[in-house]
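# Close look at the chain arrangement
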Amino acid sequence: MEMKYKRILVAIDNSSYSMKAAKVGFSLAHSLRATIGLLYVVDKSKEVINADLGITPQQSGTVLLNEAEKTIEQFIRLYNGVENIERFTPEGFPEQEIINISKEWEADVIVMGTHGRSGIGRMLTGSVAEYVIRHATMPVLITPPRME
């Protein structure tokens, strides 16, 4: 069974771990002449709603969406060299949206970083990467936290 990797979905956020994943994803897309999909999930759990300060859910969502779009643009400027780039900024929970977009877009591979938490930290926060690995229907390439 020959695999053609023509659609590479790179899941990012604004962390240094995402920079490593983006670097690997762009390099892979460039060498395979593949289309890259940059996915930044506007994380609903990070929405800040503060009635005392007059911050509404809509305002908070707008701030998070702007951050997502700026981050995607920065990564494109940093690592470009890929002809076809698609952008995804869905709202929701990262682990679920990565799976949803990977299926809807028909990605051939998912590239993402991991924070490398272990023990109690991982138990409390859960691992987005671990969830994606368990639920993906295509290969998942994880960049390690201590990658050079």
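A brief look at the structure comes next. In this text, all values refer to a predicted model and were calculated from it rather than measured experimentally. (Residues numbered from 1 in each chain as written. Predicted model: local features only at pLDDT ≥ 70, side-chain atom pairs only at ≥ 80, totals over all residues. Heavy atoms only, no water.)

## Thoughts on the sheet that holds strand S6 (residues 109-113)
Convention followed: Any two strands are treated as partners once DSSP identifies two or more bridges connecting them. For the purposes of this entry, the term helix denotes a DSSP run of H or I that reaches at least four residues, the term strand denotes a run of E that reaches at least two, and both are numbered from the N terminus. Whenever a helix is involved, its axis is fitted only over the stretch in contact; in every case the axis is a line through C-alpha atoms, and angles between N-to-C directions fall within 0 to 180 degrees. Residue contacts follow a heavy-atom distance rule, with two residues in contact if any of their heavy atoms lie within 4.5 Å.
Across the sheet, which stays open at both edges, the 5 strands sit in the order S4-S2-S1-S6-S7 with parallel pairing between neighbours. The strands lining the two open edges of the sheet, one partner per strand, are strand S4 (85-88) and strand S7 (140-143). Neighbour to neighbour, the strand axes of the sheet diverge by 20° on average, direction disregarded. Its contacts with the sheet place helix H1 (residues 16-32) against strand S1 (7-12), strand S2 (35-40), S4, S6 and S7, and it is angled at close to 170° to S1. Along the sheet, helix H5 (residues 128-135) makes contact with S6 and S7, crossing S6 at roughly 165°.

## What to know about the pattern of salt bridges
Close approach of charged atoms allows side chains of opposite charge to pair. Where we set the bar: Each reported salt bridge corresponds to a side-chain nitrogen of Lys or Arg within 4 Å of a carboxyl oxygen of Asp or Glu. Any residue under 20% of the maximum accessible area for its type is buried, any over 50% is exposed, and the rest in between are partly exposed; the area is computed with a 1.4 Å probe on protein chains only.
In total, this model carries 2 salt bridges according to the counting rule given. Of the charged contacts in the structure, one is a salt bridge between Glu130 and Arg134, with a shortest N-O distance of 3.2 Å. Here Glu130 pairs with Arg134, and both are found in helix H5, just 4 residues apart, close to one helical turn. On the basis of relative accessible area, Glu130 is assigned to the partly exposed category, the value being 32%. Classification of Arg134 by relative accessible area gives exposed; the value is 55%.

## Focus: the nonpolar core
Stated precisely, the cut-off is as follows: Each nonpolar core is a collection of buried residues, namely Ala, Val, Leu, Ile, Met, Phe, Trp, Tyr and Cys, held together in the definition by side-chain atoms within 4.5 Å.
By size, the foremost hydrophobic cluster in this structure holds 22 residues, and its most contacted members are Ile8, Val10, Ile12, Phe26, Ile36, Leu38 and Ile85. Sorting the residues of this core by element identifies S1, H1, S2, helix H2 (57-79) and S6 as the ones contributing at least two each. No other element matches the 6 residues that H2 contributes to this core. Other than its neighbours up to four places away in sequence, Ile8 contacts Gly25, Leu28, Ala29, Leu32, Ala34, Thr35, Ile36, Gly37, Trp105, Val109 and Val111. Core analysis: the second largest hydrophobic core is formed by 16 residues, Leu9, Leu39, Val41 and Ala107 among them.

## Things to note about the environment of Asp13
As a reminder, the rule being used: Residues adjacent in sequence count toward polar contacts only when both atoms are side-chain atoms; beyond that, a polar contact is any pair of N or O atoms within 3.5 Å, and within protein one must be able to donate a hydrogen and the other to accept it.
Mapped onto the elements of the fold, Asp13 is located in the loop between S1 and H1. Residue Asp13 is classed as partly exposed on the basis of its relative accessible area of 26%. Separated by 30 residues in the primary sequence, Asp13 and Asp43 have C-alpha atoms spaced 9.5 Å apart. At 2.6 Å, the side chain of Asp13 forms a polar contact with the side chain of Ser15.

## So, the packing of aromatic side chains
Heads up, the condition is: Only Phe, Tyr and Trp rings take part, Trp by its six-membered ring, and two of them pair if their centres are within 6.5 Å. Stacked means planes under 30 degrees apart, edge-to-face means over 60, and tilted covers everything else.
As enumerated under the stated definition, the model contains 3 aromatic pairs in all. Measuring from centroid to centroid gives 5.5 Å for Phe88 and Trp105, while their planes differ by 70°, and the two rings are edge-to-face. Residue Phe88 is located in strand S4, and its partner Trp105 is located in the loop between helix H3 (94-104) and S6; the two are separated by 17 residues in the primary sequence. The two residues Phe88 and Trp105 agree in class, both being buried. Members of the aromatic cluster, each reached through a chain of ring pairs, are Phe26, Phe75 and Tyr79.

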